[in-house]
Amino acid sequence: MKPAPFRYVRARSVTEALEWLAREPGAKVLAGGQSLVPLLNMRLTRPDVVVDINGLTAQLAGVREEGERIRIGALTRHYQLETDALLRDRCPLIPEAERLIGHPAVRSRGTIGGSLAHADPAAELPAVFRLLEGTAVARSRRGVREIPADRFFQGYFTTDLAPDELLTEVILPARRERQGGALCERAARHGDFAWVLAGAWVTLWEDGRIRTARLVWGGVSDRPVRLPDVEAELADRTLEAARQVLRDLVPRAVEPPDDVHASAAFRRRLATVLADQALVAAARRAEAIVPTKE
Ligand SMILES: Cc1cc2nc3c(=O)[nH]c(=O)nc-3n(C[C@H](O)[C@H](O)[C@H](O)COP(=O)(O)OP(=O)(O)OC[C@H]3O[C@@H](n4cnc5c(N)ncnc54)[C@H](O)[C@@H]3O)c2cc1C
């Protein structure tokens, strides 16, 4: 199929991109095109203007450390995030998530900004962004604002970004001592969108008990889901005790959808099993990140 006609604009600066977004409220940003182009081709979206930001890598791509935070430009591509040495050391859940996304061709074009802005509820990067309590930086001609992860996703393929806003940066906390994370998923084939994915981010006490544990699920709702009540029950427990709590509480706490890909009952079971696997892997990794002795 072919897209409905639209005006194509290749932005030469961030300012120019923001001017187009302000002038044309129905305009769409083109980043890697891995989600937008299929939607255009199927005429599920019919923008009058498409603003291509691929010429703005100097301003919008790259990974840098700033104190205890990692700042990732929105136009940084999946393959760059998969292999970035700083992320492997300081924010390893991102490279781990990248290895689960699509295929090499998808990862060579798709971007972190596009993945978050597209907001597929079964996508890996939105789940990791939510799990790590990241911040999205949005710019428009009206100014710059920071959107915390718990407000960013508003529903199926819907975010808090206004039509005139460009997502320019994603900020994530750098890993600290005794912290570890893991992401586990099941899909029909490697590279497909997951039926369900679960992530865990664990901080341990010195004696190995769980200090805090965060959990996230994808594919069980209209957006990445956290369960603060379940997380609160995991604190100060041994790993084995926490696993039992998970097995007891998660099946009652998640309400996954029933669709052609998987039944609600199967998804509920996966949500429990995958969260358990992620929690165990995250705790083992956290154990390995201990302070170096002087
Ligand atoms: C075959 C295939 C398999 C895939 N498998 C997976 C998978 O397993 N897991 C997964 O997570 N994803 C998967 N994807 C999607 C892929 O990760 C995309 O890269 C991603 O969803 C969108 O990123 P993009 O840069 O291509 O964005 P685009 O397609 O260019 O844009 C997507 C949407 O975001 C908006 N947008 C893009 N950038 C910005 C910005 N900076 N500011 C504001 N709005 C913006 C666009 O206007 C559009 O609405 C797959 C895609 C394909 C084609």
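It should be emphasised that the depicted structure is a prediction, and the values quoted were computed from it without experimental measurement.

Bringing the sheet that holds strand 4 (residues 63–66) into the picture now. Strand order in this open sheet of 5 strands is 4-5-10-6-7, and the pairing throughout is antiparallel. The open sheet is flanked by strand 4 and strand 7 (143–148), the only strands paired with a single partner. Each adjacent strand pair in this sheet contributes to an overall mean axis angle of 25°, direction not counted. Looking at chain direction, strand 4 and strand 5 (residues 69–73) are connected through 4 bridges and run antiparallel.

Okay, the site of the ligand next. Close contacts around the ligand come from 29 residues, with Gly32, Gly102, Gly110, Gly114 and Ala123 the closest. Every element with two or more residues in the shell around the ligand is listed here: strand 2 (28–30), helix 7 (104–109), helix 8 (112–118), helix 9 (124–131) and strand 10 (166–173). Residue contributions to the shell around the ligand peak at 5 residues, all from helix 8. Its residues assigned to classes, the shell around the ligand comprises 14 nonpolar, 12 polar and 3 charged. Here the shell around the ligand gathers at least three residues from each of two domains, domain 1 (7–56) and domain 2 (58–173).

In this section: the domain arrangement of the protein chain. Domain boundaries assigned for the protein chain yield domain 1 (7–56), domain 2 (58–173) and domain 3 (179–288). On a C-alpha basis, the centroid separation for the pair domain 1 and domain 2 is 18 Å. At the junction of the two partners, domain 1 supplies 15 residues and domain 2 supplies 18 residues. The dominant element in the side of domain 1 that touches domain 2, judged by the number of residues it contributes, is helix 1 (residues 14–23), at 6 residues.

So, on to the sheet that holds strand 11 (residues 179–186). With antiparallel pairing, the 3 strands of this open sheet are ordered in space as 11-12-13. The sheet terminates laterally at strand 11 and strand 13 (210–218), the two strands that pair on one side only. Strand-to-strand, the axes of this sheet are offset by a mean angle of 15°, without reference to chain direction. With 8 bridges joining them, strand 11 and strand 12 (residues 196–204) adopt antiparallel strand pairing.

Bringing the environment of Gly67 into the picture now. Along the chain, Gly67 turns up in the loop between strand 4 and strand 5. Separated by 106 residues in sequence, Gly67 and Pro173 have C-alpha atoms that sit 9.3 Å apart.

Here is what the cut-offs are and how they apply
- Residues numbered from 1 in each chain as written.
- Predicted model: local features only at pLDDT ≥ 70, side-chain atom pairs only at ≥ 80, totals over all residues.
- Pairing = 2+ DSSP bridges.
- Helix = DSSP H or I, 4+ residues; strand = E, 2+ residues; numbered from the N terminus.
- Axes fitted to C-alpha atoms, helices over the stretch in contact; angles between N-to-C directions.
- Near = placed C-beta within 6 Å.
- Nonpolar A, V, L, I, M, F, W, Y, C, P; charged D, E, K, R; others polar.
- Domains from an automatic or database assignment.
- Contact = placed C-beta atoms within 7 Å.

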